[in-house]
Amino acid sequence: MLSGHEAHLSGSVENARATTAIILSAAGAALGGLLFGFDTAVISGTTSALQERFGLSDAMLGFTVSSALIGTVIGSLIAGAPADRFGRRAVMLMVAICYVVSSLGTGLAGEWWTLLAFRFLGGLAIGAASVVTPIYIAEVSPARFRGRLVAMNQLNIVLGILIAFLSNYVIANLASTETAWRWMFGIVALPSVLFLVVSVLLPESPRWLAIHGRGQQALGVMKKLGFVDPVRELRRIQDAESQVDRSTAPGLFQAAYARPVACAIAIAMFNQLSGINALLYYAPRVFELAGAGADSALLQSIAIGGTNLLFTIFALFLIDRFGRKPLLYTGSILCALALFLVGYQLESAMPDGTLILIGLLGFIAAFAMSQGAVVWVFISEVFPSAVRGKGQALGSTTHWVMAAAITWAFPIFAASVGGWVFAFFGAMMLLQFVWTWKLMPETNGVPLEDMDLGSARA
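Reading the values: the criteria
Residues numbered from 1 in each chain as written. Predicted model: local features only at pLDDT ≥ 70, side-chain atom pairs only at ≥ 80, totals over all residues. Heavy atoms only, no water. Salt bridge = Lys/Arg side-chain N within 4 Å of Asp/Glu carboxyl O. Buried < 20%, exposed > 50% of the residue type's maximum accessible area, 1.4 Å probe, protein only. Helix = DSSP H or I, 4+ residues; strand = E, 2+ residues; numbered from the N terminus. Contact = heavy atoms within 4.5 Å. Polar contact = N/O pair within 3.5 Å; in protein donor to acceptor, adjacent residues only side chain to side chain. Axes fitted to C-alpha atoms, helices over the stretch in contact; angles between N-to-C directions. Parallel < 35°, antiparallel > 145°, perpendicular 65-115°, else oblique. Left-handed = near helix turned anticlockwise from the far one by under 90°. Nonpolar A, V, L, I, M, F, W, Y, C, P; charged D, E, K, R; others polar. Patch = residues over 30% accessible without salt bridge, like charges linked within 9 Å, V, L, I, M, F, W, Y side chains within 5 Å. Areas by Shrake-Rupley, 256 points an atom, 1.4 Å probe, with all protein chains shown as cover. Phe/Tyr/Trp six-rings, centres within 6.5 Å; stacked < 30°, edge-to-face > 60°.

### With respect to the pattern of salt bridges
Tallied over the full model, the rule gives three salt bridges. For the salt bridge of Asp84 with Arg88, the shortest nitrogen-to-oxygen distance reads 2.8 Å. Here Asp84 and Arg88 have matching classes, each one buried. Salt-bridge contacts for Arg324 lead to Glu381; the nearest nitrogen and oxygen are separated by 2.5 Å. Of this pair, Arg324 sits in helix α17 (residues 324-347) while Glu381 sits in helix α19 (residues 371-382), and the two are 57 residues apart along the sequence. A residue is classified by how much of its surface remains accessible, and Arg324, at 0% relative accessible area, is buried.

### Focus: the environment of Leu394
Tracing the backbone shows Leu394 in helix α20 (residues 388-417). The exposure class of Leu394 is buried, given its relative accessible area of 16%. Between the alpha carbons of Leu394 and Leu77 there is a distance of 6.9 Å; along the sequence they are 317 residues apart. Dropping the residues within four chain positions of it, Leu394 is found in contact with Leu252, Phe253, Val261 and Ile265.

### Topic: the side chain of Arg207
Mapped onto the secondary structure, Arg207 falls in helix α10 (residues 206-211). A polar contact is formed between the side chain of Arg207 and the backbone oxygen of Glu139, at a distance of 2.9 Å.

### Re the packing of helix α5 (residues 88-108) against helix α9 (residues 189-201)
At a minimum axis separation of 8 Å, α5 and α9 run at an interaxial angle of 160 degrees. One way to sum up the angle between α5 and α9 is to call them roughly antiparallel. Once α5 is placed against α9, the crossing between them reads as left-handed. Listed contacts from α9 to Arg89, Met92, Leu93, Val95, Ala96, Ile97, Tyr99, Val100, Ser103 and Leu104 of α5 are Ala189, Ser192, Val193, Phe195, Leu196, Ser199 and Val200. The class makeup of the residues in the contact of α5 with α9 is 13 nonpolar, three polar and one charged.

### Some words on a nonpolar patch on the surface
A contiguous nonpolar surface patch, about 450 Å² in accessible area, is contributed by Phe63, Ile70, Ile74, Leu77 and Ile78. One can find Ile74 in helix α3 (residues 58-78).

### Here's the deal with the packing of aromatic side chains
For the coordinates displayed, the defined rule picks out eight aromatic pairs. Between Tyr329 and Phe433, the aromatic rings sit 5.3 Å apart at their centres with planes inclined by 55 degrees, giving tilted as the arrangement. Of the two residues, Tyr329 sits in helix α17 while Phe433 sits in helix α21 (residues 420-438), which places them 104 residues apart along the sequence. On the accessibility criterion, Tyr329 (24% relative accessible area) is partly exposed. Phe433 gets classed as partly exposed once you look at its relative accessible area, which sits at 26%. With 6.0 Å between their ring centres and 45 degrees between their planes, Phe363 and Phe367 make a pair best called tilted. Taken together, the positions of Phe363 and Phe367, both in helix α18 (residues 353-368) and four residues apart, correspond to about one turn of that helix. Given the relative accessible area of 1%, Phe363 is considered buried.

The analysis is restricted to geometry; functional conclusions fall outside its scope.
In structure tokens form, the structure reads like this:
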């Protein structure tokens, strides 16, 4: 029989092992987020070479770049149903395979249409990853630190973007002009193969197993992952499932799910109405409008990326401690102030480049520790289990459609109204503050099954 000290030590070891298992499972799934960021940004280093190699007009080049974005919209639309039917891990395996095939196919493409087809396939994988990865991490994570683990996916997206920029820079300096673009695309196969191997080793979501009648397997996974009371957790999942009518497929757009549907759409729209993608894609142009030279604008853009990564890491330590709503309250106000500063300076007769840089860095910092960290966490939490896959798909699709619209419209509006476009983004952040205050529920620390019972706090 174990002494009190030995029992405590044994319990501590088991807890440490369980915590390690949870972190490894979440980190493995979050590789999908890293590839999300990597594959999205890698094309930025290839555009000139592609235009020359395939004889593309500006319009054809624009379509080439956006071909992956078209795939993301479709991928996010179609991923939810198979994730609910076949399992989270099965869809992640398909995503990993698509990443591998897409990266090798684009790197070896001999014709323009071939390049488009493989970029579209990569876009499908990105869109599907944006749906299934947050769901999987949320479902394998105990409520006490679910937020920071799901936010790990956002951290990996940001990290993937930075790795893509670094990879492009290194390859451009090592490879010939004729082959550099092929290596830039092809190098994505390395992390893609790693994600494929990890996906094979990951456990299936215990919640998915439970609602598909595989309770003993679900219990085993929850024990391995360190759930405090696996038997009670399994019973909670089964009780929630028993209230769902499985005679027909649960529809997302019905009165019972009106609030989570509205909230998922709202937070995804506000994410893009902040102007985040407009800034990330057009940062050098914004700095040049403020009077910076081309080299200085590029360095300032790198500062934007570094700030994004730093404050995303910072957000991991805040999201479970303070909750989702407090982060959005703070972030909404700080984002609005920073955006108003940028807009005012761009519209002034003598714009101050230093103040513009401060405003944009301040906006990125506030966004990263609020909207950037919260959006995927909140969408993965707010829907009941019966429609979580469909709800995540809805939120992801809204995000991608808005991303495409804002990215396309920004240069048009910037040319016609100048700095006032940033004032518009700032006003949207004030509107987000009101929405968070009046309508958004707090999901921090609420067991996922309790979302079925309306236990999220206002």
